[in-house]
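Inside the fold
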Amino acid sequence: MAEPQLSVFPGGGRVTILDPGGPGTPTLFEVEWRDPGLKRSQETQAFWKLVNGHVDPFWFSFAGTRYEPCHFEAHSFKTEQMGRGQRLVVRFFGTKAAGKNG
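Presented here is a report on the structure given in the accompanying data block.

What counts as what
Residues numbered from 1 in each chain as written. Predicted model: local features only at pLDDT ≥ 70, side-chain atom pairs only at ≥ 80, totals over all residues. Heavy atoms only, no water. Helix = DSSP H or I, 4+ residues; strand = E, 2+ residues; numbered from the N terminus. Buried < 20%, exposed > 50% of the residue type's maximum accessible area, 1.4 Å probe, protein only. Contact = heavy atoms within 4.5 Å. Areas by Shrake-Rupley, 256 points an atom, 1.4 Å probe, with all protein chains shown as cover. Lys, Arg positive; Asp, Glu negative; His and termini not counted. Charge placed at Lys NZ, Arg CZ, Asp CG, Glu CD. Phe/Tyr/Trp six-rings, centres within 6.5 Å; stacked < 30°, edge-to-face > 60°. Lys NZ or Arg CZ within 6 Å of the ring centre and 35° of its normal.

Across its full length, the protein carries 1 helix and 7 strands. The order of α-helices and β-strands along the protein, N terminus first, is β-β-β-α-β-β-β-β. Across its three principal directions, the C-alpha atoms of the protein cover 50 × 30 × 25 Å. Counting the 102 residues in the protein, one finds 31% classified as buried. Within the protein, residue pairs in contact and separated by at least 24 positions form 56% of the contacts whose partners lie at least 6 positions apart. Per element, the accessible surface of the protein, about 6,400 Å² overall, is 52% carbon and sulfur. Averaging the locations of the 12 positively and 10 negatively charged side chains of the protein gives two centres separated by 5 Å.

Shown next, in the form of structure tokens:
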């Protein structure tokens, strides 16, 4: 039986590794969009809802490495005021997928 296909995190935004993790510990990522347009905000929020927030897994490609499974950190989808603009931020944990490239 084929493995179910996981959803793919939408690209774009500035990716920061907050904690590189290690053996048996996933990497913690933060993705930030400054002054995201309405379309970007809606797309990211739709993806959050698709994977039920922090419940369902997804995969993410960063710097040629695939991270699978990934899970959002609970309550990490935030829109914040930043001076005159806005900032959209989301955090998630990801485990390097053995034998898979992004």
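Okay, the packing of aromatic side chains next. Per the stated rule, a full pass over the model turns up 19 aromatic pairs. When the ring of Phe9 is compared with that of Phe72, the centres are 6.0 Å apart and the planes differ by 65 degrees; the resulting orientation is edge-to-face. Note that Phe9 is positioned in the loop between strand E1 (7-8) and strand E2 (14-19) and Phe72 in strand E5 (residues 65-72), a separation of 63 residues in sequence. Comparing Phe9 with Phe72, the two get one shared label, buried. Ring centres 6.0 Å apart and planes at 85 degrees place the aromatic pair Phe72 and Phe92 in the edge-to-face group. Of this pair, Phe72 sits in strand E5 while Phe92 sits in strand E7 (residues 85-101); the two residues are 20 residues apart in sequence, bridging distant segments of the chain. Here the two residues Phe72 and Phe92 agree in accessibility, since each one is buried. Chaining the aromatic ring pairs together yields one cluster made of Phe9, Phe29, Trp33, Phe47, Trp48, Phe58, Phe60, Phe62, Tyr67, Phe72, Phe77 and Phe92. Note that Arg66 overlies the ring of Trp59, its terminal NZ or CZ placed 3.6 Å from the centroid.

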